[in-house]
Amino acid sequence: MEHKGSKTLKTDRLILRAFTHEDAPAMFRNWANDPEVTKYLTWEPHGSIDVTEKLVRQWTVESVKPDNYQWAMVLRETGQPIGSISLMNISNRNMYCEAGYCMGKNWWGKGLMTEAMKAVLDFAFEDVGFHKVKARYVAENVSSGRVMEKCGMTYEGTQRGEHLGKDGQFHDIKCYSILKEDRK
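Residues numbered from 1 in each chain as written. Predicted model: local features only at pLDDT ≥ 70, side-chain atom pairs only at ≥ 80, totals over all residues. Heavy atoms only, no water.

Glancing now at the overall build of the chain. If you tally the helices and strands in the chain, you get 4 helices and 8 strands. Each helix and strand of the chain, ordered N terminal to C terminal, gives the series β-β-α-α-β-β-β-α-β-α-β-β. In terms of overall dimensions, the chain is globule-like: its C-alpha atoms have a radius of gyration of 16 Å, near the 16 Å expected for 184 residues. If one aligns the C-alpha atoms of the chain with their principal axes, the spans along those axes are about 40 × 40 × 30 Å. Every one of the 184 residues in the chain was classed for burial, and the buried ones make up 46%. (Helix = DSSP H or I, 4+ residues; strand = E, 2+ residues; numbered from the N terminus. Rg over C-alpha atoms; globule rule 2.2 N^0.38 Å. Buried < 20%, exposed > 50% of the residue type's maximum accessible area, 1.4 Å probe, protein only.)

Structure (structure tokens):
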């Protein structure tokens with residue numbers, strides 16, 4: 001594998017690029033403070049712009065590392081950040097990582113996340129050299145699972161009672177993956 005960091009990726013409708021300090025207001029407004037967007041995520045909605053600014057500062061510092069993969073999803077048409085997508089939990093030895101993503105609800109149902117994920121998978125396999133990319137979602141978040149399926153990922157199983165949700169209940173986690181050879 002050859003780590004290359006969050007290089008800019010382009011699709012028909014999106015530019016995926018490293019976060020900048022200027023992205024914090026759009027991130028806060030478009031997705032980070034929305035309880036509906038963060039409902040199934042591991043983090044709470046940001047209660048103030050200060051929380052978002054602190055996180056974006058951290059991401060910009062880390063963006064210089066070659067094994068850091070954290071992209072802002074920016075609409076080509078408007079230049080507005082609408083979500084984020086990342087590769088994390090990297091195993092260099094086993095050549096795999098896990099993908100994670102979220103996007104503002106104003107852009108749900110338009111195929112944008114699938115478009116972004118396909119670009120990230122192409123980059124992960126072809127440019128970096130990962131062997132496997134994994135992804136997981138809370139079972140009730142079926143839209144996230146559809147993104148994984150549309151990207152050619154294979155269902156691997158369910159981790160029962162794995163996620164303590166914001167509702168105080170445990171939820172099952174559906175696990176998917178794709179191997180480099182699956183993309184051919």
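What follows deals with the sheet that holds strand E8 (residues 170–179). Within a sheet, each strand pairs with its neighbour through backbone hydrogen bonds, oriented either parallel or antiparallel. Taken in spatial order, the 8 strands line up as E1-E2-E3-E4-E5-E6-E8-E7 in an open sheet, and their pairing is mixed. Here the strands that pair on one side only, and so sit at the sheet edges, are strand E1 (9–10) and strand E7 (154–164). In the sheet, strand E2 (residues 14–18) pairs with strand E3 (residues 69–75) via 5 bridges, with the strands oriented antiparallel. Of the residues in E3, the one forming a bridge with Ala18 is Trp71. Its contacts with the sheet put helix H1 (residues 24–32) on strand E4 (81–91) and strand E5 (96–103), and the angle it makes with E4 is roughly 90°. (Pairing = 2+ DSSP bridges. Contact = heavy atoms within 4.5 Å. Axes fitted to C-alpha atoms, helices over the stretch in contact; angles between N-to-C directions.)

A word on H1. Burial of H1 is extensive: 7 of the 9 residues sit out of reach of the surface. Those residues of H1 lying buried are Ala24, Ala26, Met27, Phe28, Asn30, Trp31 and Ala32. Tucked into the core, H1 has its buried residues touching helix H2 (49–62), E4 and E5.

Among the nonpolar cores identified, the biggest contains 36 residues, and Leu16, Trp71, Met73, Ile85, Leu87, Met117 and Val133 are the most heavily contacted of them. Taken together, the elements giving at least two residues each to this core come down to E2, E3, E4, E5, helix H3 (112–128), strand E6 (132–138), helix H4 (142–150) and E8. Examining the composition of this core, we find that 11 residues originate from one element, H3, more than from any other. Once residues lying within four places of it in the same chain are set aside, the contact partners of Ile85 are Leu16, Tyr69, Gln70, Trp71, Met73, Gly100, Tyr101, Met113, Ala116, Met117 and Val120. If you look at the next biggest cluster of nonpolar residues, it comprises 11 residues, including Met27, Ala32, Val37 and Val74. (Core = buried A, V, L, I, M, F, W, Y, C linked by side-chain atoms within 4.5 Å.)

Before going further, it helps to examine the pairing of E8. Relative to E8, E6 is paired through 7 bridges, and the arrangement is antiparallel. In the sheet register, Lys134 faces E8, and the bridge partner there is Ser177. Here 7 bridges tie E7 to E8, and the two strands are oriented antiparallel to one another. By the bridge assignment for E8, Leu164 is matched with Phe170. Between E7 and E8, which pair antiparallel in sequence order, lie 5 residues; one of them, Gly168, sits at a positive phi of approximately 80°.

With that out of the way, let us pick up the side chain of Ser144. Among the structural elements, Ser144 can be located in helix H4. Among the residues examined, Ser144 registers a relative accessible area of 10% and is labelled buried. Excluding anything up to four places from it in sequence, Ser144 contacts Tyr101 and Tyr137.

Burial of E4 is extensive: 8 of the 11 residues sit out of reach of the surface. As defined by bridge partners, E3 adjoins E4 across 6 bridges and the pair is classed as antiparallel. Within E4, the position partnered with Val74 by the bridge is Pro81. Connecting the antiparallel pair E3 and E4 is a turn made up of 5 residues, with Gly79 showing a positive phi of about 75°. Between E4 and E5, which pair antiparallel in sequence order, lie 4 residues; one of them, Met95, sits at a positive phi of approximately 60°.

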